[in-house]
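Survey of secondary and tertiary structure
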Amino acid sequence: MAATVKNSKTTTEAPVQASTTDPALGYYTPGTDIHDTKAPAGPIDKKWAQRQFTAKLVNPANRRKLTVIVVGTGLAGGAAAATLGEAGYNVLNFCYQDSPRRAHSIAAQGGINAAKNYRNDNDSVYRLFYDTVKGGDYRARETNVYRLAEVSPNIIDQCVAQGVPFAREYGGLLDTRSFGGVQVQRTFYARGQTGQQLLIGAYQALERQVNAGTVTMHTRHEMVELIVHDNRARGIVTRDMVSGKVESWYADAVVLATGGYGNVFFLSTNAMGCNVTATWRAHRKGAYFANPCFTQIHPTCIPVHGETQSKLTLMSESLRNDGRIWVPKKAEDCTKDPRQIPEADRDYYLERIYPAFGNLVPRDIASRQAKNMCDEGRGVGPLVTEVTQDGTKQQRRRGVYLDFSDAIERLGRKAVSDKYGNLFDMYEQITGENPYETPMRIYPAVHYTMGGLWVDYDLESSIPGLYVCGEANFSDHGANRLGASALMQGLADGYFVLPNTINDYLAAGPFEKVDDNTPEAAEALASASERINRLLDIKGSRSVDSFHKELGSIMWEYCGMERTEEGLQIAIKKIRALRESYWKDVKVTGVNEDFNQALERAGRVADFMELAELMCVDALHRRESCGGHFRRESQTEDGEALRHDDEYAYVAAWEFTGDGQKPILHKEPLEYEFIELKQRSYK
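Residues numbered from 1 in each chain as written. Predicted model: local features only at pLDDT ≥ 70, side-chain atom pairs only at ≥ 80, totals over all residues. Heavy atoms only, no water.

**Details of the pattern of salt bridges**
- Throughout the structure, instances matching the rule amount to 58 salt bridges.
- D131 is paired through a salt bridge with R186; the nearest N and O atoms lie 3.0 Å apart. Residue D131 is found in helix 4 (residues 125-135), and its partner R186 is found in the loop between strand 5 (176-177) and strand 6 (187-188); the two are separated by 55 residues along the sequence.
- D131 sits in the buried class, given a relative accessible area of 9%.
- In this structure, E317 and R363 form a salt bridge, with 2.3 Å as the shortest nitrogen-oxygen distance. Placement of E317 in the loop between strand 13 (295-301) and strand 14 (324-328) and of R363 in helix 9 (residues 363-375) is noted, with a sequence separation of 46 residues between them.
- Members of the salt-bridge network, linked through shared partners, are D137, R139, D364, R368, R622, E624, R643, D645 and R680. (Salt bridge = Lys/Arg side-chain N within 4 Å of Asp/Glu carboxyl O. Helix = DSSP H or I, 4+ residues; strand = E, 2+ residues; numbered from the N terminus. Buried < 20%, exposed > 50% of the residue type's maximum accessible area, 1.4 Å probe, protein only.)

Here it is in structure tokens:
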């Protein structure tokens, strides 16, 4: 059972009355509404300054007495650990990689947004705020998004000071380019390696604090449990991934910056090690999980090429600046060499359907239209056998063209290479095709997760003392993340937001000492060890990966790019049956007291099994289409996502109640005071 959490952020009103026609009602229990997010009253452009001023402070001498655990070393975690260390706190930093530099943030390619208006194209903090709320299909919290836009210019200054080699124009000024869902050029970039360069900057700041002694780094340590004592997050349990040692660590506060859970789909653009375990363990201890079904599908991925594939590769959205997306107008041309298809027989469908934004529509729209073209029988590439929701098999070509021939003719091959050369090289190494001569083939794939642990304006979860940064929280992107915003949120949370809000909590510390003899700590350690032993003792006949692959197939088919009421109910039954089979028939080789990747994956997949059901329940209860969450039953006459603001303008925050028990749904109403709610249009 979950620990009882006294959540000061929820009201004690009567439970929300769910509609008797809600098909998901049998899967959850209605709860209370969440109204207090700690955001100050007043004009939106004054809220962050007001919150910083009213937050309690911790004087430098007292900071040395306080310890903060930070789990994760990506942009959010690395920046947070470095900044808290610089401030004088004692920081324990954990990651499961062999080096902080191997965090998945390093894989981001295209760029980072900031409202600096260097292009003099009428950009502003408010326009970035508006674009982000609209891009998220009006399912993000206004106050958090405005703050994100407000601190974005500081991120660029911080990174330049760290030596991040952003691209520059001929005159030496920082260069920018466009990304989807906007009509200004606000995306700063370092060729196709932006995430790598930003992470190296954060890593240098982090290592400076390691050398100074304020941060203690623990690599190859995976968090496997959260310790909650006296209704506060007070520590974590980790497994040393080399020796297998399971041990507890204690602090005055815990920060989770552990990324997203896209690998629940098995095939995704995420690193193979990305998982949900840290946030899911916190969820089971009382942290609300918000909008779990909000999954981003990225339109620019190299298509699946075989049944044995375990990882997908992303081609940066920045390619859509100069690449044009098309499919043949006639199905009979789909097997032809694209260079032999005349211009008149090509359908540049995004430019045709969305003339105002063209190839730079938001990711969810570009992804859905690519699927539509392939469903019409106009996809390109090899035939792929698919099993539909009704169990029948069909063959489709799952690919569209991303063509740079116009850009090469207009700019010259060298100019295109200067912008995208490393991306073109990567594509050729994977596919064996030269994108300078033949159009790339792309297709949508799972990329980012907008859902995550619920947090308030301070980034504090429903468990006091547990803070959540970056992709691990839900707060800034609504139902769809605009490109180049993940790097922005990670660094904003780590460098500027968390360090200015966590002190309000830590000012009441140091808290009561917690050690191995504390009952909750002993229980957490025993629970983690028992779970490991249970997995090793099953000795079944199926590999962990076979279960994971089957789970991913269920999720992609029923809770992926398109969902239906009937399909989601089928998915829930399938997931429950698969999870039951998992705990009876999974085969985990090796022992705990050793380097054991099968055991690592087994624990992560067990958590994915539980998360997957909650994702489907969340998708089932939200009977609307918004952003990347497309319900077939809810669309406009021209096939666009149709929201129902009168019923679903809220954050769905789920509370764990125990194994096999129905979760409780708490709703945080989304009130739009500064932006008008309206149907999105990019035409």
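Additional details are given in the paragraphs that follow.
**Brief notes about the layout of surface pockets**
- Roughly 1,600 Å³ of internal volume is contained in the largest pocket.
- Residue lining of the largest pocket: 46 residues in total, with T385, E386, V387, W556 and E557 positioned closest to the centre.
- Mapped onto the lining of the largest pocket, the elements with two or more residues apiece are helix 9, strand 16 (383-387), strand 17 (393-397), strand 19 (440-449), helix 14 (544-559) and helix 15 (565-585).
- When residues of the lining of the largest pocket are assigned to their parent elements, the largest contribution, 8 residues, is made by helix 14. (1 Å grid on protein atoms, 1.4 Å probe; cavity = no way out; pocket = protein on both sides within 12 Å on 5 of 7 lines; lining within 4 Å. Points joined across faces, edges and corners; volume = space filled by probe spheres on them.)

**Side note on the packing of aromatic side chains**
- Enumeration according to the criterion identifies 23 aromatic pairs in this entry.
- Taking 5.8 Å as the distance between ring centres and 55° as the angle between the ring planes, the aromatic pair formed by W280 and F289 counts as tilted. F289 matches W280 in its accessibility class, with the two residues each being buried.
- With centroids separated by 4.8 Å and ring planes inclined at 40°, the aromatic side chains of W326 and Y401 adopt a geometry described as tilted. With W326 in strand 14 and Y401 in strand 18 (residues 400-403), the pair connects residues that are 75 residues apart, well separated along the chain.
- With relative accessibility at 4%, the residue Y401 sits in the buried group.
- By way of ring pairs, the aromatic residues F404, Y420, F424 and Y436 are connected into one cluster.
- Over the ring of Y682 we find K134, and its NZ or CZ is 4.4 Å from the ring centre. (Phe/Tyr/Trp six-rings, centres within 6.5 Å; stacked < 30°, edge-to-face > 60°. Lys NZ or Arg CZ within 6 Å of the ring centre and 35° of its normal.)

**Examining the side chain of T238**
- Tracing the sequence through the fold places T238 in strand 9 (residues 232-240).
- Given a relative accessible area of 0%, T238 falls into the buried group.
- A polar contact of 2.8 Å, which involves the side chain of T238, links it to the side chain of W249.
- Filtering out sequence-adjacent residues up to four positions away, T238 remains in contact with F94, H221, E222, M223, V224, K245, V246, E247 and W249. (Polar contact = N/O pair within 3.5 Å; in protein donor to acceptor, adjacent residues only side chain to side chain. Contact = heavy atoms within 4.5 Å.)

**Here we look at the sheet that holds strand 13**
- Across the sheet, 5 strands lie side by side as 13-19-18-14-15; this open sheet has antiparallel pairing. Of all the strands in the sheet, just strand 13 and strand 15 (346-347) have a single pairing partner and so form its edges. (Pairing = 2+ DSSP bridges.)

**Brief notes about the domain arrangement of the chain**
- Split into domains, the chain comes out as domain 1 (298-447) and domain 2 (535-668).
- Centre-to-centre separation of domain 1 and domain 2, based on C-alpha positions: 28 Å.
- Here domain 1 is connected to domain 2 by 3 residue pairs in polar contact (both at pLDDT 80 or more).
- At the level of secondary structure, the elements contributing two or more residues to the side of domain 1 that touches domain 2 comprise helix 9 and strand 19.
- For the side of domain 1 that touches domain 2, the element with the highest residue contribution is helix 9, accounting for 5 residues.
- Among the residues forming the side of domain 1 that touches domain 2, the class breakdown is 4 nonpolar, 5 polar and 4 charged. (Domains from an automatic or database assignment. Nonpolar A, V, L, I, M, F, W, Y, C, P; charged D, E, K, R; others polar.)

**Quick look at helix 5 (residues 142-161)**
- The end-to-end C-alpha distance of helix 5 is 30 Å, a good match for the 28 Å that 20 residues give at a rise of 1.5 Å each.
- With 14 of 20 residues buried, helix 5 lies mostly within the body of the structure.
- Positive backbone phi, approximately 95°, marks G163, located one or two places after helix 5. (Expected span 1.5 Å × (residues − 1).)

**Some points on the environment of V605**
- Of note, V605 is situated in helix 16 (residues 597-621).
- A sequence separation of 328 residues divides V605 from T277, and the C-alpha atoms of the two residues are 8.8 Å apart.
- Contacts of V605, omitting those with residues within four sequence positions, involve V544, H548 and Y582.

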